[in-house]
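# Fold and contact review
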Amino acid sequence: MTEQRWQAFFTLAAQEKGLSPIASLFLELTGYPLVICDKTLRIVSSALPAGAGNAEGYLPPSILDTAVEREGFYYGSVPGGEAHVPFRLVKAGESAVLGYVLQLGADQHTAVGAEELRAASLAVFVELSRRKLEQDIEWRYRDEFIQDILYNNIPNRDAIYYRGQLWGWNLRHPHMVVVITTDDTSPAAKQHLVHAHWRQVVAHYLAEHEPSVVVGENRDQLILLIPQDGSEKGLNKGLVKTVVKKLRLTLAAMMPHFAFSVASGRCYQSVSELYRAYQEAKVALEINRLLRQRNQLIFFDELGAVRFIYNQGEQDLIEYYKETLGPLEDHDNQNNTTFMETLAAFLQASGDPAKAAEALFIHVNTLRYRLKQIEELLQQDVRQLDVQANLYMAYQVKAILNTLVGHESNNLS
């Protein structure tokens, strides 16, 4: 490829004309279609032959797992019509990959377009870097505002309404606070491309299909503020269930084995009370985590007795927890055992040893042996229904304490 062609791509990047002219220039110079994706494999631009329309949606994440690397390029195929279409791919960025550029119809034996693809990828990287900088600034200010609401840092409702209008949000309506988090926290899963960017996939979907939903991030969680049109409890929950169902379908298409749980606080009429709903949703998620549940949608007001203990004094909760599960957690910490996890699985299985053993991937006799040791430590018969109810309540107390500022699970013993 001539230096003049390299310069043409760099000129487009410098002129900040976007991604479409870059893709169109590649098609003009090589005759090959070009598809540009962001790091979640969402198609953000393309240049296809006349009459072919525009490419849109997401490419399957499997293309990165199956692609073969050769001389700096990756080769594979994507579904297209009745047959798979071969591609040559190059990353937009190396140490920090911002996207992917695919030359459709090219395989390892295709000579045309290789250098043009490298030049296009550099121009794409410049444009995606510019977009990322703008988006990062926007998201940071937006997340800070949402956190101010959820931590009750803006007591003046009119100020909240005004700032919300700047983002295009009508915060005068009642809202449900919904928190979403992944159920898989293993290091291996965190390194997976799709898992690392699932929050971005959700945010893009909501921006396109549910624009009235306010989306924010807090560490490894997504926070949704879902506006409500009515005051009926069933109607409010129905709207939350509908949004969550759509998100599950969207993510399942890309990540069949990906699991995430969702928790919702109660519906509050005033935006100045949403901090209560946020705390309630966090408690519900923490209980879900402690009891090792997956793919759940939990409503705080359906947690039963936890609603009564939620408003108890902090010191009373600490003492209750220490008296009930404290000996078990102490033993785990001192002897590297997993009795807390074992008991949680047993309670979640409604006292069924076989079901609990299956959930823990251990033999049922191993579970029974652990339960015997647990009973000796607690001096209680865990097969008794009233004992199970008391222990289950203690896990809920632990969840509440874990959501309080300054408390972690290892500080409770």
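Below: a short report on this structure. Just so it is clear, the structure is predicted and the values come from calculations on it, not from any experiment. (Residues numbered from 1 in each chain as written. Predicted model: local features only at pLDDT ≥ 70, side-chain atom pairs only at ≥ 80, totals over all residues. Heavy atoms only, no water.)

### Some thoughts on the packing of aromatic side chains
Tallying each qualifying case throughout the model produces 7 aromatic pairs. Ring geometry for Trp167 against Trp169: centres 5.8 Å apart, planes inclined by 20°, an arrangement best described as stacked. Under the relative-accessibility criterion, Trp169 is labelled buried at 13%. An aromatic cluster of three or more residues is present, and its members are Phe145, Trp167 and Trp169. Over the aromatic face of Tyr141 sits the side chain of Arg140, whose NZ or CZ is 5.1 Å from the ring centroid. (Phe/Tyr/Trp six-rings, centres within 6.5 Å; stacked < 30°, edge-to-face > 60°. Buried < 20%, exposed > 50% of the residue type's maximum accessible area, 1.4 Å probe, protein only. Lys NZ or Arg CZ within 6 Å of the ring centre and 35° of its normal.)

### Some thoughts on the pairing of strand E4 (residues 73–80)
Here strand E3 (residues 68–70) pairs with E4 via 3 bridges, running antiparallel. In the strand pairing of E4, Val68 is matched with Tyr75. Turn length for the E3-E4 hairpin, with the two strands adjacent in sequence and antiparallel, is 2 residues, and the turn residue Glu71 shows positive phi of about 55°. Both E4 and strand E5 (residues 83–92) contribute to a ladder of 7 bridges, which runs antiparallel. The residue of E5 that forms the bridge with Pro79 is His84. (Pairing = 2+ DSSP bridges. Helix = DSSP H or I, 4+ residues; strand = E, 2+ residues; numbered from the N terminus.)

### Concerning a nonpolar patch on the surface
On the surface, Leu133, Ile137 and Tyr141 cluster together into a nonpolar patch covering about 300 Å² of accessible area. By secondary structure assignment, the location of Ile137 is in helix H4 (residues 114–150). (Patch = residues over 30% accessible without salt bridge, like charges linked within 9 Å, V, L, I, M, F, W, Y side chains within 5 Å. Areas by Shrake-Rupley, 256 points an atom, 1.4 Å probe, with all protein chains shown as cover. Salt bridge = Lys/Arg side-chain N within 4 Å of Asp/Glu carboxyl O.)

### Side note on the pairing of strand E9 (residues 221–227)
Successive residues of a regular strand alternate their side chains across the two faces of the sheet. With 7 of 7 residues buried, E9 is to be regarded as a mostly interior element. Across the two faces of E9 the burial is the same, with Gln221, Ile223, Leu225 and Pro227 and Leu222, Leu224 and Ile226 all buried. Alignment of strand E7 (residues 175–182) against E9, held across 7 bridges, turns out to be antiparallel. The residue of E9 that forms the bridge with Val177 is Leu225. As paired elements, strand E8 (residues 214–218) and E9 share 5 bridges and run antiparallel to each other. Bridging across to E9, Asn218 finds its partner in Gln221. Linkage of E8 to E9, two consecutive antiparallel strands, is achieved through a turn of 2 residues, within which Arg219 is found at a positive phi near 60°.

### Quick word on the layout of surface pockets
Roughly 530 Å³ of volume is contained in the second largest pocket. Looking at the second largest pocket, it is lined by 19 residues, and the ones nearest its centre are Lys39, Lys132, Gln135, Gln200 and His204. Elements with a minimum of two residues in the lining of the second largest pocket: H4 and helix H8 (198–209). Among the elements that take part in the lining of the second largest pocket, H4 stands out by supplying 8 residues, more than any other. (1 Å grid on protein atoms, 1.4 Å probe; cavity = no way out; pocket = protein on both sides within 12 Å on 5 of 7 lines; lining within 4 Å. Points joined across faces, edges and corners; volume = space filled by probe spheres on them.)

### Some words on the pattern of salt bridges
Evaluation of the coordinates by the stated rule reveals 16 salt bridges. With a shortest N-O distance of 2.8 Å, Glu116 and Arg5 are connected by a salt bridge. Pair noted here: Glu116 is in helix H4 and Arg5 is in helix H1 (residues 3–15), with a separation of 111 residues, a long-range link. What makes Glu116 buried here is its relative accessible area of 7%. We note a salt bridge from Arg118 to Glu115, for which the minimum N-O separation is 3.3 Å. With Arg118 and Glu115 both in helix H4 and 3 residues apart, the pair spans about one turn of that helix. A relative accessible area of 32% means that Glu115 is categorised as partly exposed.

### A few points about the packing of helix H14 (residues 339–348) against helix H17 (residues 385–403)
A pair of packed helices is captured by two measures, namely the crossing angle of their axes and the spacing between those axes. The interhelical angle for the contact between H14 and H17, taken along N-to-C directions, is 120°, at an axis separation of 10 Å. With respect to H17, the axis of H14 lies oblique. Regarding H14 and H17, the two cross each other, and that crossing is left-handed. Residues Met340, Leu343, Ala344, Phe346 and Leu347 of H14 lie in contact with H17, whose contacting residues are Gln388, Leu391, Tyr392, Tyr395 and Lys398. (Axes fitted to C-alpha atoms, helices over the stretch in contact; angles between N-to-C directions. Parallel < 35°, antiparallel > 145°, perpendicular 65-115°, else oblique. Left-handed = near helix turned anticlockwise from the far one by under 90°. Contact = heavy atoms within 4.5 Å.)

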